[in-house]
Amino acid sequence: MSDQRWVWGVGLATTSANRTVLDTWFPAPAAGRIPLGLDPAIPPDELDRHAVPDPRRDVDVDVVVVEVDLDAAPASTPDAYLRLHALSHRIVAPNTVNLDGIFAHLPIVAWTNAGPMHPEDAARLRPFLTREGIQLQGLDKFPRLLDYVSPPGVRIADASRVRLGAYLSPGTTVMHEGFVNFNAGTLGSSMVEGRISQGVVVGDGSDIGGGASIMGTLSGGGEHRVSIGARTLLGANAGVGISLGDDCVVEAGLYVTAGSKIVLADEPTRADGSRATAKGAELSGRSGILFRRNSLTGAIEAVRRAGVGVTLNDALHA
């Protein structure tokens, strides 16, 4: 197996009093195997200085050295965190890493402004936490991206809206209401004001409008990985459950799913007055299409588009 299908890193693992590994931070993960000659018993000085317990949260912090076979399923909490770091450090792209069973290795954590805690400890120590100015920010399996990784060339208006494991390319702007899940993200400069669900990738120059939603695979049990092409616009409060190719537009407020009945508006009317139709799944991934709602009949229509799609504001994505 190629070493390029491995990732390794030296990190800091946080462990609760009941020995639950809560998280692991890898400041500089790298592709490949652990280098020959690296002694895991001698951690880098800058990490070793931070490997100290925090009695306020009743946690220990230890240095760990981990390597991961990206084709194998996650085997531990540090293993799972290294995969998420590899995605957010842009070492690997979304949907190229085995994440089967990752939820079983990610405990529910009480995320505070001082770091992770076990939820039971957070409830037990609440008076002491309040006195120390430590506030609970959430109870979840996934942490915020910016608590672990600061992707170069990216703007994120609200840290709580982007999870660790998001892959954000330079030039991406995630506005206050934008959301990017783990194992999802952007492949170039993009404007994100809507939701990019798990497994979804958005192409260069595309715009996900305010309140728009791209359907993922976690909730419905489906297997199709939705993708958005380059220079494509998903209008405000619109949504898709199919892939879009390059230079497409979905008008504001319109939701197109695999089962949507869509009128092919460019096709000639039949002798009986009917119009040719297709299901959304049949148009999935095609480029140069405008999806719109007919204001008179209410039918969803697909119209061929000429030329390129949207153009982003260069000043916002420099």
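Residues numbered from 1 in each chain as written. Predicted model: local features only at pLDDT ≥ 70, side-chain atom pairs only at ≥ 80, totals over all residues. Heavy atoms only, no water.

The name an unreviewed UniProt entry assigns to the protein is 2,3,4,5-tetrahydropyridine-2,6-dicarboxylate N-succinyltransferase, from the organism Microbacterium terregens. Recorded in UniProt for the protein, the comment headed Sequence similarities (unreviewed entry) runs: "Belongs to the type 2 tetrahydrodipicolinate N-succinyltransferase family." (UniProt positions renumbered as here; feature names shortened; annotations may be inferred.)

Attention shifts here to the environment of Ile91. Among the secondary structure elements, Ile91 is positioned in the loop between helix H2 (77–88) and strand E5 (109–112). Residue classification places Ile91 among the partly exposed positions, given a relative accessible area of 28%. Between the C-alpha atoms of Ile91 and Thr257, which are 166 residues apart in sequence, the distance is 32 Å. Sequence-distant contacts of Ile91, that is, excluding residues within four places in its chain, are made with Val7, Pro29, Ala30, Ala31 and Ala86. (Helix = DSSP H or I, 4+ residues; strand = E, 2+ residues; numbered from the N terminus. Buried < 20%, exposed > 50% of the residue type's maximum accessible area, 1.4 Å probe, protein only. Contact = heavy atoms within 4.5 Å.)

Using the criterion set out here, one finds four aromatic pairs in the structure. Between Phe142 and Phe182 the ring centres are 4.3 Å apart and the planes differ by 20°, which places this aromatic pair in the stacked class. Separated by 40 residues along the polypeptide, Phe142 in the loop between strand E7 (136–140) and strand E8 (155–156) and Phe182 in the loop between strand E11 (179–180) and strand E12 (184–186) bring together distant segments of the chain. On the basis of relative accessibility, which here comes to 4%, the residue Phe142 falls in the buried class. Here the aromatic residues Phe103, Phe142 and Phe182 are joined through ring pairs into a cluster of three or more. (Phe/Tyr/Trp six-rings, centres within 6.5 Å; stacked < 30°, edge-to-face > 60°.)

Right, let's get into the nonpolar core. In terms of nonpolar packing, the biggest core is built from 58 residues, with Ile214, Val250 and Phe291 touching the most fellow members. At the level of secondary structure, the elements contributing two or more residues to this core comprise strand E4 (59–69), H2, E5, strand E25 (289–293) and strand E26 (300–304). Beyond its immediate stretch of four places on either side in the chain, Phe291 contacts Ile242, Leu244, Val249, Val250, Glu251, Leu254, Val256, Ile262, Leu283, Glu301 and Ala302. Core analysis: the next-biggest nonpolar cluster, separate from the first, contains six residues, Ala110, Ala122, Leu129 and Ile134 among them. (Core = buried A, V, L, I, M, F, W, Y, C linked by side-chain atoms within 4.5 Å.)

Here we come to the UniProt feature "binding site: succinyl-CoA" (unreviewed entry) in the protein. Per the UniProt annotation, the sites labelled "binding site: succinyl-CoA" (unreviewed entry) are Arg195, Gly210, Ser213, Ala236, Glu251, Ala252, Gly259, Lys279, Arg292, Arg293, Asn294 and Ser295. A maximum C-alpha distance of 26.2 Å is found for the annotated residues, which run over 101 residues; spatially they are spread out rather than grouped. Tracing the sequence through the fold places Arg293 in strand E25. Looking at Arg293, the relative accessible area reads 39%, which means it is partly exposed. Not counting the four nearest positions on each side in its chain, Arg293 is found in contact with Glu251, Leu254, Gly298, Ala299 and Ile300. On the secondary structure map, Ser295 appears in the loop between E25 and E26.

With that settled, the discussion passes to the pattern of salt bridges. All told, the structure shown has 14 salt bridges when counted by the stated rule. With a closest N to O distance of 3.0 Å, Arg33 and Glu67 form a salt bridge. Taken together, the residues Arg33 in the loop between strand E3 (30–31) and helix H1 (45–48) and Glu67 in strand E4 connect sequence positions 34 residues apart. Assessed through its relative accessible area of 35%, Arg33 is described here as partly exposed. Residue classification places Glu67 among the partly exposed residues on the basis of a relative accessible area of 28%. Arg304 is paired through a salt bridge with Asp266; the nearest N and O atoms lie 3.7 Å apart. Of this pair, Arg304 sits in strand E26 while Asp266 is found in the loop between strand E23 (261–264) and strand E24 (277–279), placing the two residues 38 residues apart along the sequence. (Salt bridge = Lys/Arg side-chain N within 4 Å of Asp/Glu carboxyl O.)

This part is about the side chain of Asn294. Its place among the elements puts Asn294 in the loop between E25 and E26. Leave out the neighbours within four places in its chain, and Asn294 touches Ala299 and Glu301.

Another point: the sheet that holds E5. Ordered by their spatial adjacency, three strands build an open sheet running E6-E5-E7, and the pairing between neighbours is antiparallel. The open sheet has two free edges, formed respectively by strand E6 (115–117) and E7, since each of these has just one partner strand. Taking the axes of each pair of neighbouring strands and ignoring which way they run, one obtains an average angle of 30° across the sheet. Pairing of E5 with E7 involves four bridges; the strand directions are antiparallel. Bridge pairing in E7 places Thr112 opposite Leu136. (Pairing = 2+ DSSP bridges. Axes fitted to C-alpha atoms, helices over the stretch in contact; angles between N-to-C directions.)

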